[in-house]
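Geometric and topological summary
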Amino acid sequence: MDNRAEVSAFLKSRRGKITPEQAGLPVYGHRRVPGLRRGEVAMLAGVSVEYYTRLERGDLSGVSDSVLDALARALRLDDTERDHLHALARAASATPAPVRRRPKKATVRPGVLRIIEGLHDQPAYVRNNRMDILAANPLARALHYEVFEQQPANTCRFVFLDPRATRLYPDWERVARDGVGALRVEAARNPYDRELSNLIGELSTRSDAFRTLWGAHDVHVFTEGTKRFHHPAVGEMELVHESLDVSGDPGLSITVYSADPGTPAADALKLLASWAASQDRDATASRADTER
C-alpha cells in the first residue's frame, strides 16, 4: 500500500516533539526549528543518515522490526506510537486486499449482548473500530441518548458535528483528541476499510477541529480511565471506564462505565436509571394512546 505520505508526516511530527536535551544530545548554536535533526535521529537509531532519510520520506516497505524498534527508541515513542509505527510498516509491505462491494456488517453475538444487558447498574455498550455503537444496555442509552438520535450512533461524529457534545463532555478537548487518535490507529491497522476512510473523510470535510487534530498525527488506544459527563437530566458525573476487546470479533470492544459506591457519581447513575425508566414509561404510554 502507498502510505508514504502518512508515514512521512508521522515520523516528522514525532521528530519535531523531541528536543536534543530530552535525547541527551549537546546543543550548539541556534536552531531554527524545534526538535531533532534527521542526522541526530539516525545516530540515535544506529542507522545511516541516508537510510533514515529514506524512511522519513515514507518508505517503510521491508523494514525489519529491529530497525523499527530502534527508531521508536530514538524518537521516544510510547507503546501506542510504537505499535502504530509497526502497523504503518505492515501496511506498506502488504498486498492490496480485494475490494468488497458490500462490506460485511459487524454483528454482536448473543452471548456478548447478555453480558452488557446483565450490567443493570453500569452503562455498557459494544462499539466497532469506527466508533459506531452497535449495542447498548438501557443505562448506556440513557447516558448517550443524544448520540443515539443519529443512526448509526457514532461517538466521533457526535463529538465533532453536534454542538451538544461540548455540554455532554466538559473535557471536550481531551475527548476529541482521544477520538481522533483512536481513528488514526485504526486507519493504520485497517488501511482498506472503506467505511472507516469515508468517516475520516466526512469529518475532515465538515469539521475544522477534526481536521486540525488529524494533522497532529497523534495516536490513542482506549483502555481505561475517567470521563466527565454533564447529562441534561442528572447533571455532572465523573465515571470510570474500561474498554475490553471482544475475543473472536476483531474490531469490536465492550466499554463499561462505573462509579464507586456511595459517591456522587454513583448517586447520579441511580438518578439516571430512574430518568431512563420514566422515559420508557412515557414512550410506552404515548404508543398506547396512538394505537387507541
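**Brief notes about the side chain of Asn 129**
On the secondary structure map, Asn 129 appears in the loop between β1 (124–127) and β2 (133–136). Relative accessible area serves as the criterion here: at 9%, Asn 129 is assigned to the buried category. Separated by 3.4 Å, the side chains of Asn 129 and Asp 193 make a polar contact.

**Here's the deal with helix α11 (residues 172–189)**
End to end, α11 covers 26 Å across 18 residues, agreeing with the expected 26 Å (1.5 Å per residue, within 8%). Of all 18 residues making up α11, 13 are buried, and the element is well covered by its neighbours.

**A few points about the sheet that holds β1**
The sheet built from 5 strands is open, its strands ordered β2-β1-β5-β4-β3 with antiparallel pairing. Pairing within the sheet leaves two strands with one partner each, and these edge strands are β2 and β3 (224–231). Strand-to-strand, the axes of this sheet are offset by a mean angle of 30°, without reference to chain direction. By the bridge criterion, 8 bridges tie β3 to strand β4 (residues 235–245) in an arrangement that is antiparallel.

**Focus on the packing of helix α1 (residues 4–15) against helix α4 (residues 49–56)**
Relative to each other, α1 and α4 sit at 120°, their axes nearing to 8 Å. Judged on the interaxial angle alone, α4 and α1 are oblique. Here Val 7, Ser 8, Leu 11, Lys 12 and Arg 15 of α1 come into contact with α4, specifically with Tyr 52, Leu 55 and Glu 56.

**Considerations on unusual backbone geometry**
Between Gln 151 and Pro 152 the backbone carries a cis peptide bond, its omega angle lying at 0°. Unlike most non-glycine residues, Met 131 shows phi in positive territory, near 70°. Along the chain, Met 131 falls in the loop between β1 and β2. Under the relative-accessibility criterion, Met 131 is labelled buried at 3%. Phi angles above zero are rare outside glycine, and His 217 is one such case at about 60°.

**Here's the deal with the nonpolar core**
Counting 40 residues, the largest nonpolar core has Phe 160, Tyr 169, Leu 183, Phe 210, Phe 229, Met 237 and Leu 239 as its most contacted members. Top element by residues in this core is α11. It accounts for 6 residues. In this structure, Phe 10, Leu 55, Leu 88 and Ala 89 belong to the second largest nonpolar core, which totals 28 residues.

**Some points on the packing of aromatic side chains**
Two aromatic rings are characterised by how far apart their centres lie and by the angle between their planes. Counting across every chain of the model gives 8 aromatic pairs. When the centroid spacing of 5.7 Å and the interplanar angle of 15° are considered together, the rings of Phe 210 and Trp 214 count as stacked. Of this pair, Phe 210 and Trp 214 both sit in helix α13 (residues 208–214), 4 residues apart, roughly one helical turn. Each member of the pair, Phe 210 as well as Trp 214, carries the same accessibility label: buried. One aromatic cluster is present, formed by Tyr 125, Phe 158, Tyr 169, Phe 229 and Tyr 257 through successive ring pairs. Above the face of the Trp 214 ring, Arg 184 is positioned so that its terminal group lies 3.8 Å from the ring centre.

**Examining the packing of helix α5 (residues 65–74) against helix α6 (residues 79–93)**
Taken N-terminus to C-terminus, the directions of α5 and α6 make an angle of 140°; their axes are 10 Å apart at the nearest point. Crossing hand, α5 versus α6: right-handed. Residues Asp 65, Leu 68, Asp 69, Leu 71 and Ala 72 of α5 form the contact with α6, whose own contacting residues are Arg 82, Leu 85, His 86 and Ala 89. By residue class, the composition of the contact of α5 with α6 is 5 nonpolar, 1 polar and 3 charged.

**Comments concerning the environment of Leu 85**
Within the secondary structure, Leu 85 is located in helix α6. Sequence spacing of Leu 85 and Ala 72 is 13 residues, and the spatial spacing of their C-alpha atoms is 7.9 Å.

**Here we look at α5**
Turning to α5, its buried residues number three or more, namely Val 67, Leu 68, Ala 70, Leu 71, Ala 72 and Ala 74. Of the surrounding elements, those touching the buried residues of α5 are α1, α3 (38–45), α4 and α6. The positive-phi residue at the C-terminal boundary of α5 is Arg 76, with phi of around 55°.

**A short note on the pattern of salt bridges**
Tallied over the entire structure, the rule returns 23 salt bridges. When salt bridges that share partners are traced, they join Arg 130, Asp 132, Asp 193 and Glu 195 into one network.

**Some points on the pairing of β1**
Because side chains alternate across β1, one face comprises the buried residues Ala 124 and Val 126, and the other comprises Tyr 125 and Arg 127, equally buried. Pairing of β1 with strand β5 (residues 253–258) involves 4 bridges; the strand directions are antiparallel. The residue of β5 that forms the bridge with Ala 124 is Val 256. Turn length for the β1-β2 hairpin, with the two strands adjacent in sequence and antiparallel, is 5 residues, and the turn residue Met 131 shows positive phi of about 70°.

Rules and cut-offs
Residues numbered from 1 in each chain as written. Predicted model: local features only at pLDDT ≥ 70, side-chain atom pairs only at ≥ 80, totals over all residues. Heavy atoms only, no water. Helix = DSSP H or I, 4+ residues; strand = E, 2+ residues; numbered from the N terminus. Buried < 20%, exposed > 50% of the residue type's maximum accessible area, 1.4 Å probe, protein only. Polar contact = N/O pair within 3.5 Å; in protein donor to acceptor, adjacent residues only side chain to side chain. Expected span 1.5 Å × (residues − 1). Pairing = 2+ DSSP bridges. Axes fitted to C-alpha atoms, helices over the stretch in contact; angles between N-to-C directions. Parallel < 35°, antiparallel > 145°, perpendicular 65-115°, else oblique. Contact = heavy atoms within 4.5 Å. Core = buried A, V, L, I, M, F, W, Y, C linked by side-chain atoms within 4.5 Å. Phe/Tyr/Trp six-rings, centres within 6.5 Å; stacked < 30°, edge-to-face > 60°. Lys NZ or Arg CZ within 6 Å of the ring centre and 35° of its normal. Left-handed = near helix turned anticlockwise from the far one by under 90°. Nonpolar A, V, L, I, M, F, W, Y, C, P; charged D, E, K, R; others polar. Salt bridge = Lys/Arg side-chain N within 4 Å of Asp/Glu carboxyl O.

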